[in-house]
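Remarks on the overall topology
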Amino acid sequence: RKPYCTLLDVQTETKNSGSENDDLYLQSINFASRYIDTYCGRDFWHHDHTSEAYRVPRSRVLGNDLILPFPVISLSAIRYMEDPSVSSSSDYELSEIEYYFEEGSSLVAISSTVSINYPFIGKMEVFGTFGYTLEKDENGEDIETAPPVDIPAAVRRAAIILAAAWSNERRVEQVAL
């Protein structure tokens, strides 16, 4: 489901903690989370590309910069193939001194010693973990039914408000002086 807020968040927003609406709230959370994905043109989830590469779209290679659609948690390798028809292999990996990134940033800078043609027509692949950190269970496994622990606060708040509104259980009260 990949939710961006919790059931408790929506129950608090609607001021209704009874379990009779839990299924409705969970469905609304899913709708709200997918709406945010669509509206933003990206997701706010965890992406593990340690074994299978993420192929960077050509439009996200700007000169010697890669603008990823999610923040970098860790980056283990970058493969650059000038010819897009070439199969990916470790022969095309850049050395660690040929690229730079900051954890939490979406920008990966490739050294000017690596000549990347403009417009970019090659293939660029990155290996690592990206996006946002998921909560772990007692066995160290990712919990995919809870929102990421470091999801942007605005995204979480938007998911709460949208889910509460779509459930038709949100009550807005005005109190006069």
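Residues numbered from 1 in each chain as written. Predicted model: local features only at pLDDT ≥ 70, side-chain atom pairs only at ≥ 80, totals over all residues. Heavy atoms only, no water.

**Comments concerning helix 3 (residues 153-166)**
In a regular helix each residue adds 1.5 Å, so 14 residues correspond to 20 Å; helix 3 covers 20 Å between its end C-alpha atoms and thus fits that length. Downstream of helix 3 by a residue or two, Asn168 has a phi angle that is positive, lying close to 60 degrees. (Helix = DSSP H or I, 4+ residues; strand = E, 2+ residues; numbered from the N terminus. Expected span 1.5 Å × (residues − 1).)

**Looking at the side chain of Lys123**
Within the fold, Lys123 resides in strand 7 (residues 123-131). Within the buried set, Lys123 has no salt-bridge partner at all; the shortest N-O distance to an opposite charge, 4.9 Å, is to Glu125. A polar contact of 2.6 Å, which involves the side chain of Lys123, links it to the backbone oxygen of Val86. Excluding anything up to four places from it in sequence, Lys123 contacts Arg55, Arg79, Tyr80, Met81, Pro84, Val86, Ser87 and Ser88. (Buried < 20%, exposed > 50% of the residue type's maximum accessible area, 1.4 Å probe, protein only. Lys, Arg positive; Asp, Glu negative; His and termini not counted. Salt bridge = Lys/Arg side-chain N within 4 Å of Asp/Glu carboxyl O. Polar contact = N/O pair within 3.5 Å; in protein donor to acceptor, adjacent residues only side chain to side chain. Contact = heavy atoms within 4.5 Å.)

**Observations regarding the side chain of Gln11**
As for its position among the elements, Gln11 is in helix 1 (residues 7-14). Assessed through its relative accessible area of 10%, Gln11 is described here as buried. When residues no more than four places from it in sequence are discounted, the contact partners of Gln11 are Asn16, Ser17, Gly18, Asp22 and Tyr25.

**Focus on the nonpolar core**
Residues Ile78 and Met124 are the most contacted members of the largest nonpolar core, which totals 20 residues. In terms of residue count, strand 4 (residues 72-81) provides more of this core than any other element does, four residues in total. Setting aside chain neighbours within four positions, we find Ile78 in contact with Leu66, Tyr92, Glu93, Leu94, Tyr99, Val108, Met124, Glu125 and Val126. The next biggest cluster of nonpolar side chains, apart from the first, holds 17 residues, and it includes Tyr4, Ile36, Tyr132 and Val155. (Core = buried A, V, L, I, M, F, W, Y, C linked by side-chain atoms within 4.5 Å.)

**Concerning the sheet that holds strand 4**
Taking strand neighbours across the sheet as the criterion, the three strands line up as 1-7-4 in an open arrangement whose pairing is antiparallel. The open sheet has two edge strands with one neighbour each: strand 1 (46-55) and strand 4. Averaged over neighbouring strand pairs, the angle between their axes works out to 15 degrees when direction is ignored. (Pairing = 2+ DSSP bridges. Axes fitted to C-alpha atoms, helices over the stretch in contact; angles between N-to-C directions.)

**Brief notes about the packing of aromatic side chains**
Under the defined criterion, the tally for this structure stands at eight aromatic pairs. Pairing Tyr35 with Trp166 gives two aromatic rings, centres 5.5 Å apart and planes at 85 degrees, and the pair type is edge-to-face. With Tyr35 in helix 2 (residues 22-40) and Trp166 in helix 3, the pair connects residues that are 131 residues apart, well separated along the chain. For Tyr35, a relative accessible area of 39% gives the class partly exposed. Centre to centre, the rings of Tyr54 and Phe70 are 5.1 Å apart; their planes meet at 65 degrees, and the pair counts as edge-to-face. One end of the pair, Tyr54, is in strand 1; the other, Phe70, is in the loop between strand 3 (65-67) and strand 4, with 16 residues separating them in the sequence. Comparing Tyr54 with Phe70, the two get one shared label, buried. (Phe/Tyr/Trp six-rings, centres within 6.5 Å; stacked < 30°, edge-to-face > 60°.)

**Section: the pattern of salt bridges**
Following the criterion strictly, the structure yields four salt bridges and no others. Note that Asp9 and Arg156 form a salt bridge whose closest N and O atoms lie 2.8 Å from each other. Placement of the pair is Asp9 in helix 1 and Arg156 in helix 3, with a sequence separation of 147 residues. Between Asp37 and Arg34 there is a salt bridge, with the nearest N and O atoms lying 3.0 Å from each other. Of this pair, Asp37 and Arg34 both sit in helix 2, three residues apart, roughly one helical turn.

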